[in-house]
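Topology and contacts: notes
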Amino acid sequence: MTRPISLLLATAAALLVAFPAGAQTRVASAAQPATETATGDTIPSAARTSRESLLRKIEIQNTRPMDQRGINMFETPKNDGVPFTGIKLDFGAAFTQQMQGLRHSNAAAPNVVNGVNQNQLYTLGTGFNNATANLYVNGQLAPGIRVALSAYLSSRHHPETWVKDGYLQIDESPFDVQLFDDIMKYVTLRLGHFEVNYGDAHFRRTDNGNAMYNPFVGNLIMDAFTTEIGGELFVRRGALLGMVGLTGGEIRGNVTRPDDRKPSLIGKLGMDRQFTEDLRVRLTGSGYYTKSSLSNTLYSGDRAGSRYYYVIENTTATDAAQFRSGMINPAFGDKLTTLMINPFVKFRGLEVFGTIEQAEGRGATETADRKMMQYAGDVVYRFLTNEQMFVGGRYNTLEGRLPGYAADVSVDRWALGAGWFLTPNILMKGEYVKQKYNDFLPTDIRHGGKFNGFMIEGVVAF
């Protein structure tokens, strides 16, 4: 354990040393004479190096910026002040690359199949994971009406390009009727195939190539994230907010076996208030319910996979096939009822975010429901001008019944992280993580399982 900690501390020290040097370089360049362009125009050096000059102009209404400005933004803004100047097409992208230095061990009994011990762990080294990337397309069609499409150019589970989601968002009435105009002052409609708005944790997670909003490298152990086809109606009035959604309950559309497929109902209630310039408080409660499904994927919908490659995986594992390493899928593919509560408090540079989640359901071959409970807490402190650097810690624990188990199991994870925004759209961050599996059967590869070590990640998003 000493070596990974030493590497992480050395990296953090290097960032702290590099920052003042970088700041001095920028100040010095601002003091230089203005430069002349090829057309003869002069550009003051200070303008070239100001923060504003590094921020991409937002031209599509009601969107969440992919860069640092999108941090701690939950639902897309309702009144963002972006004027409508005609039909527009806008492109964005996000890329990530990690260096991984994790080690793992277990105490599972040998399980030899065709001469291969299925419970023997891979030998892990220190190196680079494959890069991941997202592509974003937004089209402004009318005042307050836009269409969005996002694609994974490369992901852990799918090295080829594939579409994540595509939907229509309406924040203004397309009809010149006063009643509709008054209603749409508070209402946002989303229709199509989209990331369902269950809970607030999905706004802070890493989404394949976009890791800008996540102060850590990994997502939650039981990760509520999926895309489904349907519609959501979101209402905001002052600090109060509410949402109701109806979807097909599965990650893709299907019209076969209608008796086995029921729609999913999603709801959210809460408040989000900026009490003073320094203090913001948000509290929401969300629910998700489906009576029957052939393949519900609320906890298995992230086909991008885990950031922790090959941890607690055997010697036959591959990047794509075992893409959820380090995560727990409760396998509630048939019936599911969930509740998530998320408090968020930000006072100046200090922010606290919590997750309390209960999920109950069963798989297609089960006759009785099982229950899982998850708790997570983030404490992050952002500092320097424009919150350019941050440090933080997260504790995440999961307990409940898995398929084939007569008793509950649990998983605990600690993570310490730090990051530095070189610019508003370039982030370097590091994490030390430690995870332990408890009460798994001796025949399960996760019996006595644990992993720990460091992750270093670079992110570019614009």
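Anything mentioned here points back to the structure above.
These notes cover the structure that comes with them. (Residues numbered from 1 in each chain as written. Predicted model: local features only at pLDDT ≥ 70, side-chain atom pairs only at ≥ 80, totals over all residues. Heavy atoms only, no water.)

Moving on, we come to the packing of aromatic side chains. The full count for this structure, using the stated rule, is 13 aromatic pairs. An aromatic cluster is built from F74, F203 and F344, whose rings are joined through pairwise contacts. When the ring centre of Y309 is taken as reference, the NZ or CZ atom of R156 above it lies at 4.1 Å. The residue whose ring lies beneath R190 is Y167, and the NZ or CZ to ring-centre distance is 5.3 Å. (Phe/Tyr/Trp six-rings, centres within 6.5 Å; stacked < 30°, edge-to-face > 60°. Lys NZ or Arg CZ within 6 Å of the ring centre and 35° of its normal.)

The subject of this paragraph is the nonpolar core. Formed by 49 residues in total, the largest nonpolar core has its most connected members in Y198, L298, Y299, I328, F440 and F451. Going through the elements one at a time, β12 (240-247), β15 (335-347), β16 (350-362), β17 (370-383), β19 (409-423), β20 (426-438) and β21 (450-461) are the ones with two or more residues in this core. Not counting residues up to four positions away in its chain, the partners in contact with F451 are L102, R103, H104, Y308, V311, I312, G326, V433, K434, Q435 and Y437. M66, Y213, F390 and V459 belong to the second largest nonpolar core, which has 15 residues in total. (Core = buried A, V, L, I, M, F, W, Y, C linked by side-chain atoms within 4.5 Å. Buried < 20%, exposed > 50% of the residue type's maximum accessible area, 1.4 Å probe, protein only. Helix = DSSP H or I, 4+ residues; strand = E, 2+ residues; numbered from the N terminus. Contact = heavy atoms within 4.5 Å.)

Its identity as a non-glycine residue notwithstanding, N114 has a phi of 55°, on the positive side. With respect to the secondary-structure elements, N114 resides in the loop between β4 (112-113) and β5 (116-117). The backbone of R348 shows a phi angle near 55°, a positive value even though the residue is not glycine. Note on placement: R348 falls in the loop between β15 and β16. Relative accessible area serves as the criterion here: at 52%, R348 is assigned to the exposed category.

Tallied over the full model, the rule gives 33 salt bridges. Note that K268 and E75 form a salt bridge whose closest N and O atoms lie 3.1 Å from each other. Of the two residues, K268 sits in strand β13 (residues 264-274) while E75 sits in the loop between α2 (45-49) and β3 (88-105), which places them 193 residues apart along the sequence. For R446, the salt bridge is made with D444, and the minimal N-O distance between the two is 3.0 Å. According to the relative accessible area criterion, R446 is partly exposed, its value standing at 23%. A relative accessible area of 13% means that D444 is categorised as buried. Because the salt bridges share partners, they merge into one network encompassing R204, K346, E351, D378, R382, E387 and R394. (Salt bridge = Lys/Arg side-chain N within 4 Å of Asp/Glu carboxyl O.)

The next point concerns the layout of surface pockets. Rolled over the atoms, a probe as big as a water molecule pinpoints where empty space is left. Empty space within the largest pocket amounts to approximately 420 Å³. Forming the walls of the largest pocket are 21 residues, and the residues nearest its centre are E75, R236, D272, R280 and R282. For the lining of the largest pocket, the secondary structure elements donating two or more residues are β12, β13 and β14 (279-290). The element best represented in the lining of the largest pocket is β13, accounting for three residues. A class-by-class count of the residues in the lining of the largest pocket yields eight nonpolar, four polar and nine charged. (1 Å grid on protein atoms, 1.4 Å probe; cavity = no way out; pocket = protein on both sides within 12 Å on 5 of 7 lines; lining within 4 Å. Points joined across faces, edges and corners; volume = space filled by probe spheres on them. Nonpolar A, V, L, I, M, F, W, Y, C, P; charged D, E, K, R; others polar.)

A few words now on empty space enclosed by the protein. This model, assessed by the stated rule, comprises five cavities of 30 Å³ or more. The computed volume of the largest cavity comes to approximately 910 Å³. Along its surface, the largest cavity is lined by 41 residues, and R64, M66, T76, R146 and Y167 are the ones closest to its centre. Elements with a minimum of two residues in the lining of the largest cavity: β3, β7 (132-142), β8 (145-154), β9 (162-170), β10 (187-195) and β11 (227-237). Grouping the amino acids of the lining of the largest cavity by side-chain chemistry returns 14 nonpolar, ten polar and 17 charged.

Let us look at the pairing of β13. Pairing between β12 and β13: eight bridges, direction antiparallel. Bridge pairing links L240 to M271 in β13. Direction of pairing for β13 relative to β14: antiparallel, over a ladder of eleven bridges. Bridging from a neighbouring strand, L269 pairs with G285 of β14. What sits between the antiparallel neighbours β13 and β14 is a turn of four residues. (Pairing = 2+ DSSP bridges.)

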